[in-house]
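Coordinate analysis (summary)
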Amino acid sequence: MSGVQTIRIGEDEGDQRLDRWLKKKFPHLTQGAVEKMCRTGQLRVDGGRVKAATRLEVGQEVRIPPLPDAQPSAAARAKSDGPRIPDSDLKMIQAAVLWKDEHIIALNKPPGLPSQGGSGQGDRHVDGLTEALKFGYKDKPKLVHRLDKDTSGVLLLARTDRVARALSEAFRSRTTRKIYWAAVAGVPHPRMGTIRYGLVKAPGHGRGGEGEKMIAVHPRDIDKTEGAKRATTDYAVLDALGTRASWCALVPITGRTHQLRAHMAELGHPIVGDGKYGGSGQENLGDGWGAQLGGEISRKLHLHARSLTFDHPITKKRITLTAPLPDHMTRTWKSLGWHENDVPDDPFAEVE
């Protein structure tokens, strides 16, 4: 049996019937129980008596009397006996939370963890761990965009369908701004520019994952290449280690599969650790060839969604979230003498 509760109606909960709102919050309540609580005056809105069909408004306070504990159905009991999130994964995904409010959760997604399940991804992915991100809410949060498995950084989830729709539309209409950090082989010239190569999915499904690889298409050939889509990436060199490697900021203007990886490789400066687009070479001699730097540098992909700027769907405030580098990139930055605080948050802002 619960105690007396007082719940304020949230921004996305207004203009609905009291009985329907209650049964979303407490699915075990029957219609008869709701009507009895109204009839006896135990259920009140802003201190006044109400009917089951009373429509709620944002900001109102609902007084809820002590409720009986839910008796789980046989199906629910069977489900609860199913696979559980291991404690290690629960702690990992909760530790990845960068920021949260009652509408949105932002993660600093670890590298190696897929955003969603799919072919060859297994059962361990962000979408499958959202039960651990409810934080007292009834519903699991929903992904509104994705990051590649080996890419780390800012990833947004919405706590309601309304917020999910608004954020998804913001990504489609490009009112969001994403800045990625990458370590790349060699030093791009010029040190700031725009890549406009189109991308088309490679044919076949060979052992090398050709079916999941994108091929760059020269801008003049995009319209005559079947399946090719236009893609645009802004880049800026933030620091460099001689001619051997550089730290780049990348802004995907479009959102194609593997866009940043394919674009940097086509430029002749593949992202460090990218065996798919940078070739299998383990050393980079300064000419932009090879996806590895050798020595003590990690062979993991060095691509990180550093910051994400968006308009909050409910408060309408412009928000920028910044994610610290993952461990393997932190070690690389230290080895190469690069410091996070030595570069502007948005290197493109000064030239716009």
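Source: prediction; values computed, not measured.

1. Quick word on the UniProt feature "active site" (unreviewed entry) in the chain
UniProt marks Asp148 with the feature "active site" (unreviewed entry), using the numbering shown here. Relative to the elements of secondary structure, Asp148 occurs in the loop between β7 (142-143) and β8 (152-158). When near neighbours in sequence (up to four residues on either side) are disregarded, Asp148 contacts Lys109, His258 and Arg261.

2. Regarding the environment of Glu212
By secondary structure assignment, the location of Glu212 is in the loop between β11 (198-201) and β12 (214-217). In the structure, Glu212 is positioned 45 residues away from Thr257 in sequence and 8.8 Å away in space, judged by C-alpha atoms.

3. A look at the packing of aromatic side chains
Across all of its chains, the model carries four aromatic pairs by this definition. Ring geometry for Trp181 against Trp247: centres 5.0 Å apart, planes inclined by 75°, an arrangement best described as edge-to-face. A residue pair is termed long-range when its members are at least 10 positions apart, and Trp181 in strand β9 (residues 177-185) and Trp247 in strand β14 (residues 245-252) qualify at 66 residues. A relative accessible area of 3% means that Trp181 is categorised as buried.

4. Quick word on the environment of Ala249
Topologically, Ala249 is positioned in strand β14. Between the alpha carbons of Ala249 and Asp345 there is a distance of 9.5 Å; along the sequence they are 96 residues apart.

5. Some remarks on the sheet that holds strand β1 (residues 5-8)
Sheets are built from strands paired through backbone hydrogen bonds, the pairs being either parallel or antiparallel. The strand order across the open sheet built from four strands is β1-β4-β2-β3, with neighbouring strands paired in antiparallel fashion. Where the open sheet ends on each side, the last strands, each with one partner, are β1 and β3 (48-49). Across four bridges, β1 lies against strand β4 (residues 61-64) in antiparallel orientation. Residue Thr6 lies in a different strand from β4, and its bridge partner there is Arg63.

About the thresholds
- Residues numbered from 1 in each chain as written.
- Predicted model: local features only at pLDDT ≥ 70, side-chain atom pairs only at ≥ 80, totals over all residues.
- Heavy atoms only, no water.
- UniProt positions renumbered as here; feature names shortened; annotations may be inferred.
- Helix = DSSP H or I, 4+ residues; strand = E, 2+ residues; numbered from the N terminus.
- Contact = heavy atoms within 4.5 Å.
- Phe/Tyr/Trp six-rings, centres within 6.5 Å; stacked < 30°, edge-to-face > 60°.
- Buried < 20%, exposed > 50% of the residue type's maximum accessible area, 1.4 Å probe, protein only.
- Pairing = 2+ DSSP bridges.

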